[in-house]
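The chain contents come next:
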Amino acid sequence: MKIVKKRLLLSHSELRRQATDLKSLINSINDIILEIDSKGYIIALWSKTHPDIYQLYIEGDLNSIDDILDKNTAKKAREKIVHVIQTKETVTIDFNIKSTSNLKWFEASISPRLNDSNKVVVSCRDVTEQKKLAHSIIVAKEDAEKASKSKSEFLSGMSHELRTPLNAILGFSQVLELDPEAPLTDSQKESVKEIFKAGNHLLELINEVLDLSKIESGKLSISIESVPIKSVMEETLAIIKPFAAKNNIKIITHPTENSNEFVSADHTRLKQILLNLLSNAIKYNKQNGEVTFYHDKINNKFRFHVVDTGIGLSLGDLDEIFKPFHRLNKINNKIEGTGIGLAVAKQLVELMDGKIYVDSQKGIGSHFYVEFPYIDSHIIDDSEILISVERKSYFSENKLYKVLYVEDNYANLRLVERILMQINNIEMLSATSGELSIDLAIAHKPDIILLDINLPGIDGYEVFKRLKLYDETNNIPIVAISAHAMQKDIEKGLSLGFTDYITKPINIPNFIATISNILTDNDSTNVP
Ligand code: ADP
């Protein structure tokens, strides 16, 4: 009997020791631990970190999962408990508990209870902070996406605003050059050529601004080709010379003897970089200063140099100038600029496998140079695309085609009218609003409709939709003509069913080719 009692005492103390161990173990855990039966009744609950919940349990106010979870979550939890009891697998569930003051998120892991097949052990971890963090990341991401979207919309809108007047400048300079009834004198031709070239460069720059966001997001596409050094330097000089003259800056060039040298670069971007360096050398020069523009070749690398006799830069400035929107010489704020030119130039140079360097001395002047791979062998493709449109017939038959042009901008209307005048067999109708164009299209059944997208009242997309509703008009090819020239705009237009999408400023030869192709295609499909 004594022995039995002793053993009992020993077991008791062992049990107490184990209970104490278990308690300290549970107290060291930050989770709420529950024992729950298959019906959702709470058999036991331990929690050090959530005394409020523990208190509820102790006072008898927390007996079942229904006392703390909302109806739906309680139902889901009960299903999971049954699943764990049946399969003996551990599962997890997320839920939240709303109190008057706050909302707490928990992640619970439900495991089968050893030695009792009708119960489960649930450990609930408070994940409110993680949830808040994840939420703030999502909100920040959404905000960034919104900002990026409004930036693209702004860029697209701005590009539209600039492209519309540019369309008139480029279009009418071409019309002047091509008008057979009023031929230009040689000097007028030269001037028109300069207007056309400078306008084209402006257009390229608008595209660069649009590309700025692409550079930042690493999505800029450049097309590397064999760029003829002589012509790229001449083109750049022709654009920059009037600016230098206006600022009383002398431009000195070294003769480009070998006209067959090529550099590996993107033609447009290279010109943009050189123009940026040259215009800076002029802008930040001294009165009656000089800019030397020359090239050389070192170890299969080709370099373009721009040296000025200007205000120069200090060593500290040299680190700053390639950062976007950093403008030095704040005292000299009369000088126009945005502070992005060199940042863009540097990124473009590097995209083309090149490098940009600068040496400068304050008060003496600066020497910027860019370096690109030199090309020995090349495919000479120096042929200039000359716009030589004569008044001619593009169609074999003597049929008269009707073109309806829907456009609210008078200059654009006149421009297309002048272009179409170059072609025989075409009669142009025009409408300045979407509503009017639908009536005209039904009445005249044109062979092709050229539709501006940005119209007052109903826009081009709506006009397109409505034209597709009428038997008289639903088979007429419709070509969008728009200053919205971003790839996504073009894709949108084509996916809606436009036969083609022409961007402004209009490239006259391409425009004529597109129209005549559509008209002749339409003829052949209409042949019985
Ligand atoms: P922007 O000329 O539009 O301000 P850039 O990015 O081309 O922008 O140039 C950044 C800054 O670097 C300029 O604001 C100017 O302070 C300085 N800088 C650029 N080129 C020269 C130069 N040739 N001489 C002196 N300072 C220059």
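Residues numbered from 1 in each chain as written. Predicted model: local features only at pLDDT ≥ 70, side-chain atom pairs only at ≥ 80, totals over all residues. Heavy atoms only, no water.

Draft legend 1. Quick look at the packing of helix α6 (residues 229-246) against helix α7 (residues 267-283). At a minimum axis distance of 10 Å, the contact between α6 and α7 shows a crossing angle of 30°. For the pair α6 and α7, the sense of crossing is right-handed. Across from Val 232, Glu 235, Thr 236, Ile 239, Ile 240, Phe 243 and Ala 244 in α6, the residues of α7 making contact are His 267, Leu 270, Lys 271, Leu 274, Leu 275, Leu 278, Ser 279, Ile 282 and Lys 283. Grouping the constituent residues of the contact of α6 with α7 by class yields 10 nonpolar, 3 polar and 3 charged. (Axes fitted to C-alpha atoms, helices over the stretch in contact; angles between N-to-C directions. Helix = DSSP H or I, 4+ residues; strand = E, 2+ residues; numbered from the N terminus. Left-handed = near helix turned anticlockwise from the far one by under 90°. Contact = heavy atoms within 4.5 Å. Nonpolar A, V, L, I, M, F, W, Y, C, P; charged D, E, K, R; others polar.)

Draft legend 2. Summary view of the sheet that holds strand β14 (residues 426-431). A sheet is described by the order of its strands in space; here 5 strands give the open sequence β14-β13-β15-β16-β17, paired in parallel fashion. Each end of this open sheet is capped by a strand with a single partner; those strands are β14 and β17 (500-503). Taken pair by pair, the neighbouring strands of this sheet meet at an average axis angle of 20°, ignoring direction. Examined bridge by bridge, strand β16 (residues 478-482) and β17 share 4 bridges and lie parallel to one another. Looking at β17, one finds that Val 479 is bridged to Asp 500. Contacts from helix α10 (residues 410-421) reach β13 (401-406), β14 and β15 (448-452) within the one sheet, and its direction differs from that of β14 by about 170°. Lying over the sheet, helix α11 (residues 434-444) contacts β13, β14 and β15, oriented at roughly 170° with respect to β13. (Pairing = 2+ DSSP bridges.)

Draft legend 3. Summary view of the pattern of salt bridges. Taken as a whole, this structure holds 21 salt bridges when the rule is applied. Between Lys 104 and Asp 126 there is a salt bridge whose closest N-O contact spans 3.5 Å. In this pair, Lys 104 is assigned in strand β4 (residues 103-112) and Asp 126 in strand β5 (residues 119-126), connecting sequence segments 22 residues apart. Residue class for Lys 104 comes out partly exposed when judged on its relative accessible area of 26%. Looking at Asp 126, the relative accessible area reads 26%, which means it is partly exposed. For Lys 230, the salt bridge identified is with Glu 234, shortest N-O distance 3.2 Å. Within this pair, Lys 230 and its partner Glu 234 are both found in helix α6, separated by 4 residues, close to a single helical turn. Relative accessible area serves as the criterion here: at 27%, Lys 230 is assigned to the partly exposed category. (Salt bridge = Lys/Arg side-chain N within 4 Å of Asp/Glu carboxyl O. Buried < 20%, exposed > 50% of the residue type's maximum accessible area, 1.4 Å probe, protein only.)

Draft legend 4. Geometry of the packing of α7 against helix α9 (residues 341-351). Interhelical geometry of α7 versus α9 gives an angle of 145° and a closest axis separation of 10 Å. Here α7 and α9 pass one another in a crossing that is left-handed. Every residue of α9 that contacts α7 at Arg 269, Gln 272, Ile 273, Asn 276, Leu 277 and Asn 280 is listed here: Gly 341, Leu 342, Val 344, Ala 345, Leu 348 and Val 349. Looking at the contact of α7 with α9 residue by residue, the classes come out as 7 nonpolar, 4 polar and 1 charged.

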